[in-house]
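If you want the building blocks of each chain, they are given just below.
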Amino acid sequence: MSGNWWRDAVIYQVYPRSFADADGDGMGDLEGIRSRIPYLAQLGVDAIWLSPFYASPQKDAGYDVSDYRAIDPRFGDLSDFDRMLETAHAAGIRLIVDLVPNHTSSEHEWFQAALAAAPGSPERERYHFRDVTDPEVPPNNWQSIFGGPAWTKTDDGKQWYLHLFDSSQPDLNWDNPEVHEEFKSVLRFWLDRGVDGFRIDVAHGMVKAPGLPDTGGDGTIEMIGTTQAPFFDQDGVHDIYRTWRPIIEEYEGDRIFVAEAWTDSAERRSLYLRPDELHQAFNFDLVLAPFSAADFRKAIDSEIANNAGVGAPCTWVLSNHDVQRHVTRYGGGEAGLARAKAATQLLLSLPGVVYVYQGEELGLNEVLDLPDEVREDPSFHRTGGEQIGRDGCRVPLPWKREGASLGFGPAGEPWLPQPADWADLSVEAEDGAAGSTLEFYRQAIAIRKGRKATGLTWLADPGDNAFAFDNGALVAVVNFGDEPVPVSGYGTEVLLASADLVDGHLPGGATVWFAK
Ligand code: GLC
């Protein structure tokens, strides 16, 4: 494992509830993950980012942590964690865990102590409590990201507390030194256990503008989108990371922080990546971009330019547990899958790091028709179904063609039902099958290993809605349009094509790599 591995790694996001269920309770677990490490090794990924597995009432699928040093019994225990980590390391795969510092669960002992204590007490100072003056009027106009007001009253009706997300996720008060000390200790707890880094949840949150002023408009803020608000992307948040960086540097092994920071611009995002702060920050511009050459090119140029300014790697992503799967975003069906593969192949030839969300290597689509009763996302429930929520990208993986949960677990129903046609998208169906999405991902990642981008030089466009570039190791041509474009001028030896070339033309919605 060599230095600066994180500058050009492929990192696979495991969503523990939905990856693999070893104990048959319908929900994934750490032992399930451990048992599938060989699959991830074969895929060729360098590291795993593991979404939260901590003790939690699971009101927001584990992003509501009640104990940062304990494993939720649904997922296993600390010895299962240690074994999983050891197995991953033995396979040469690093492990990044999720850290949720903006808020705790309302069941966290600190919040329980705060509720039991009086207004103005040190216990309440760990969160944002404010006196109720008018029971109808919260302290400011902030709305929860999941819908409804961002303030809820305590049972006695005397105080409000702030929650940018669900009412079961009270925001911590980062003006309180005790909160800082606690998270430094949590970092050390997991670093001592051997993790290779942290994905920081809502990394642009935590610090709130002094006095908690109203936002403009009606207080509704979309997090997925780009934004700056009195509670997002405040400059003070950078001070926190300057205290974290020296801690992670104390540990051997080139460990890292990756930020989930939704910012107004690539420039604001790059501030999180200054040398004394974090290592990577997801570039969500391509999650938001339509499938078009102009939009992708703009996002790519701006990420490269801004990150070069701070010496940080570009960090590319198309799907995760919060957004619609990219196959579906690009129209679904065969065309959606073709575009998704083209986009993935493009990402794998850009300079920087690529994150892959579990199941995208199988070509999984968003499940749009989940019955309301099975939906768990608080955003669905808090908006009375107006926001469809994120359950559709969280459906458990199909490992086998058959069985009650398509091999997700040994028995029983998975926590969200899988579409019947996922049998054909199962690992079993795709493994070794010529032309499958899984084999395509394996091949693309393997080719990338031997030909890592050293930069990016745009070449002449092959068509209106298409582009080409030389990344120092290969030439990539991407056709975002529907009509074939001529590509024979870009190379003769095809390393990989997401769709077969026809008479020297690359079909619509496809990428090809040529040897230089
Ligand atoms: C992040 C997580 C998301 C969660 C939210 C609140 O955006 O990715 O899943 O709901 O933070 O923790």
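So, a few notes on the structure that sits alongside this text. Not measured: the values here are computed from a predicted model.

## Quick notes on the sheet that holds strand 16 (residues 474-479)
- Across the sheet, which stays open at both edges, the five strands sit in the order 14-15-16-20-18 with antiparallel pairing between neighbours. The sheet is open, and its two edges are formed by strand 14 (457-459) and strand 18 (494-497), each paired on a single side. Within the sheet, the average angular offset between the axes of one strand and its neighbour, ignoring direction, is 20°.
- The pairing of strand 15 (residues 466-470) with strand 16 spans five bridges and is classified as antiparallel. Bridged to A468 within strand 16 is V477.
- Its contacts with the sheet place helix 10 (residues 293-310) against strand 14 and strand 15, and it is angled at close to 35° to strand 15.
- Running at roughly 35° to strand 20 (residues 510-515), helix 12 (residues 333-348) makes contact with strand 15, strand 16, strand 18 and strand 20 of the sheet.

## Considering the pairing of strand 5 (residues 94-99)
- A large share of strand 5 lies buried, amounting to six of its six residues.
- Alternating positions in strand 5 separate into two faces, R94, I96 and D98 on one and L95, V97 and L99 on the other, with burial throughout.
- Sheet analysis places strand 5 next to strand 9 (residues 197-200), joined by four bridges and oriented parallel. Directly across from V97, in strand 9, lies its bridge partner F198.

## Here we look at the site of the ligand
- Around the ligand, the surrounding shell holds 15 residues, and the nearest of these are D60, D201, E260, H321 and D322.
- In the environment of the ligand, an oxygen atom lies 2.9 Å from a nitrogen or oxygen atom belonging to the side chain of H321.
- Between the ligand and R390 there is a distance of 2.9 Å, counted from an oxygen atom to a side-chain nitrogen or oxygen.
- For the ligand, the protein covers 99% of the area, taking 310 Å² as the surface of the free molecule.
- Among the residues forming the shell around the ligand, the class breakdown is five nonpolar, three polar and seven charged.

## Thoughts on the sheet that holds strand 2 (residues 47-50)
- Reading across the sheet, the eight strands line up as 11-10-9-5-2-1-13-12 and stay open at both edges, with parallel pairing between neighbours. Either end of the sheet is taken by a strand with one partner, and the two such strands are strand 11 (280-281) and strand 12 (315-317).
- For strand 2 and strand 5, the ladder comprises four bridges, and the chain directions are parallel. Opposite W49, over in strand 5, you have I96 as the bridge partner.

## Digging into the nonpolar core
- By size, the foremost hydrophobic cluster in this structure holds 157 residues, and its most contacted members are Y12, F53, F81, F198, Y241, W244 and F467.
- Core analysis: the next-biggest nonpolar cluster, separate from the first, contains 11 residues, A468, V485, Y490 and A510 among them.

## Here's the deal with the packing of helix 4 (residues 78-90) against helix 6 (residues 177-193)
- For the pair helix 4 and helix 6, the least separation of the axes is 11 Å and the interaxial angle reads 55°. Taken together, the axis directions place helix 4 and helix 6 in an arrangement best described as oblique. Counted together, L78, F81, D82 and L85 of helix 4 and F189, W190 and R193 of helix 6 form the full contact between these two elements.

## Some details on unusual backbone geometry
- Positive phi, normally seen in glycine, also occurs at L212, with a value near 45°.
- Relative to the helices and strands, L212 resides in the loop between strand 9 and helix 7 (237-250).
- Here the phi dihedral of D233 falls at roughly 55°; this positive angle occurs in a residue that is not glycine.
- Among the secondary structure elements, D233 is positioned in the loop between strand 9 and helix 7.
- When its relative accessible area of 0% is taken as the criterion, D233 is described as buried.

## Overview of the packing of helix 12 against helix 15 (residues 437-450)
- Where helix 12 contacts helix 15, the two axes come as close as 10 Å, and the packing angle between them is 15°. Judged by the angle between their axes, helix 12 and helix 15 are roughly parallel. In the crossing of helix 12 with helix 15, the sense of the turn from one axis to the other is right-handed. Contacts from L337, K341, T344, Q345, L347 and L348 of helix 12 reach helix 15 at T437, F440, Y441, A444, I445 and R448.
- Grouping the constituent residues of the contact of helix 12 with helix 15 by class yields seven nonpolar, three polar and two charged.

Here is what the cut-offs are and how they apply
Residues numbered from 1 in each chain as written. Predicted model: local features only at pLDDT ≥ 70, side-chain atom pairs only at ≥ 80, totals over all residues. Heavy atoms only, no water. Pairing = 2+ DSSP bridges. Helix = DSSP H or I, 4+ residues; strand = E, 2+ residues; numbered from the N terminus. Axes fitted to C-alpha atoms, helices over the stretch in contact; angles between N-to-C directions. Contact = heavy atoms within 4.5 Å. Buried < 20%, exposed > 50% of the residue type's maximum accessible area, 1.4 Å probe, protein only. Near = heavy atom within 4 Å. Polar contact = N/O pair within 3.5 Å; in protein donor to acceptor, adjacent residues only side chain to side chain. Areas by Shrake-Rupley, 256 points an atom, 1.4 Å probe, with all protein chains shown as cover. Nonpolar A, V, L, I, M, F, W, Y, C, P; charged D, E, K, R; others polar. Core = buried A, V, L, I, M, F, W, Y, C linked by side-chain atoms within 4.5 Å. Parallel < 35°, antiparallel > 145°, perpendicular 65-115°, else oblique. Left-handed = near helix turned anticlockwise from the far one by under 90°.

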